[in-house]
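Chain by chain, the residues run as shown.
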Amino acid sequence: SNKVVVAYQGQVVADGTKYGQAVVGTISGTSISFGSTVNFATHTAGQQSALFISAVYDPNADKTVIFYRDQSNSERGTAIVGTVSGTSISFGSPVVFNSTGASNFNSAVYDPDTQKIVNFYKDEANSSYGTAVVGTVSGTSISFGSPTVFNAGDTRDIEIAYSPSAGKVVVAYSDYGNSNRGTAIVGTVSGTSISFGTEAVFDSSGTAVSK
């Protein structure tokens, strides 16, 4: 649709309730204009709804997928598929990818070789280990394979990229289980699973954080 989608948590009512929201933008020259805001996650009065939001586009399915920690559902890691039409976006039903507890630092990427989406996150329910899960979009929903740990330690500030020349995904993170060292690891997607090589430290000072 030649649009961009912004996903964020916005305060929309006077009592402080914050909703997960998305808005479609249209670029013209050096300007951008936006359509109407759409809620993809809600919560009770005065509370937050969606944290650690990451959005990714799936060109094979022509859908936008938003990953987030769902505060209204025991902080479970959740994904929702969005369909852009004109200057608006509509959503399917939310799908839980981490049913055991909180999913922090979500960071998602599309793998064009396998036509899958991979989300990386800190799994608080599993000793805060760095974990990845492969998703397959079908229609307005998404299904997931089994989660795979890529760092058996407290993992934060996760950033992800795809390397087209290598046909691999690369995740960089702060390894709080290893004196906060900046670390990266290469992942290979196969079917609905992902496997990893050996971790490589790129910053041994312990000061590497994202953004």
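Check the entry above for the structure.
Residues numbered from 1 in each chain as written. Predicted model: local features only at pLDDT ≥ 70, side-chain atom pairs only at ≥ 80, totals over all residues. Heavy atoms only, no water.

Student: Explain the pattern of salt bridges here, please?
Tutor: Pairing between side chains of opposite charge can happen when their charged atoms approach one another. Applying the stated criterion across every chain yields a total of 3 salt bridges. Residue K122 is joined to D154 by a salt bridge in which the shortest nitrogen-to-oxygen separation is 3.3 Å. On the criterion of sequence distance, the pair formed by K122 in strand β10 (residues 116-123) and D154 in strand β13 (residues 148-163) is long-range, its members being 32 residues apart. As a salt-bridge pair, D154 and R156 come within 2.9 Å of each other at their nearest N and O atoms. (Salt bridge = Lys/Arg side-chain N within 4 Å of Asp/Glu carboxyl O. Helix = DSSP H or I, 4+ residues; strand = E, 2+ residues; numbered from the N terminus.)

Student: What exactly am I supposed to notice about the environment of Q11 here?
Tutor: Relative to the helices and strands, Q11 is located in strand β1 (residues 4-11). Sequence separation between Q11 and T136 is 125 residues, and the spatial gap between their C-alpha atoms is 31 Å.

Student: In this structure, what is going on with the packing of aromatic side chains? I would like to understand it.
Tutor: Between two aromatic rings, the relevant description is the distance of the centres plus the angle of the planes. On inspection of all chains with the given rule, the structure shows 11 aromatic pairs. Between the aromatic rings of F40 and Y68, the centroid separation amounts to 5.2 Å while the plane-to-plane angle is 65°, which identifies the pairing as edge-to-face. Taken together, the positions of F40 in strand β4 (residues 38-41) and Y68 in strand β6 (residues 63-70) put the pair 28 residues apart, joining distant regions of the chain. On the basis of relative accessibility, which here comes to 8%, the residue F40 falls in the buried class. Between F67 and F97 the ring centres are 5.7 Å apart and the planes differ by 65°, which places this aromatic pair in the edge-to-face class. Of this pair, F67 sits in strand β6 while F97 is found in strand β9 (residues 95-111), placing the two residues 30 residues apart along the sequence. Judged by relative accessible area, which is 8%, F97 ranks as buried. The rings of F67, F97, Y121 and F144 are connected pair by pair, giving a single aromatic cluster. The ring centre of Y176 lies 3.9 Å from the NZ or CZ of R156, which sits over that ring. (Phe/Tyr/Trp six-rings, centres within 6.5 Å; stacked < 30°, edge-to-face > 60°. Buried < 20%, exposed > 50% of the residue type's maximum accessible area, 1.4 Å probe, protein only. Lys NZ or Arg CZ within 6 Å of the ring centre and 35° of its normal.)

Student: Sorry if this is basic, but what is going on with the nonpolar core here?
Tutor: What tends to happen in soluble globular proteins is that the nonpolar side chains get buried as a cluster. Ranked by internal contacts, the top residues of the largest apolar core, which has 15 residues, are V118, F120, F150, V169, V171 and I194. The dominant element in this core, judged by the number of residues it contributes, is β13, at 4 residues. Residues V56, A79, A108 and V133 belong to the second largest nonpolar core, which totals 14 residues. (Core = buried A, V, L, I, M, F, W, Y, C linked by side-chain atoms within 4.5 Å.)

Student: Help me out: how do you make sense of the pairing of strand β11 (residues 129-138) in this one?
Tutor: Successive residues of a regular strand alternate their side chains across the two faces of the sheet. Counting buried positions along β11 gives 7 out of 10 residues, so the element sits mostly inside the fold. Between β10 and β11, which pair antiparallel one after the other, the connecting turn spans 5 residues, and S127 there sits at a positive phi close to 60°. Relative to β13, β11 runs antiparallel, the two sharing 4 bridges. Bridged to T131 within β13 is V149. Looking at chain direction, β11 and strand β12 (residues 141-144) are connected through 4 bridges and run antiparallel. In the strand pairing of β12, T136 is matched with S143. (Pairing = 2+ DSSP bridges.)

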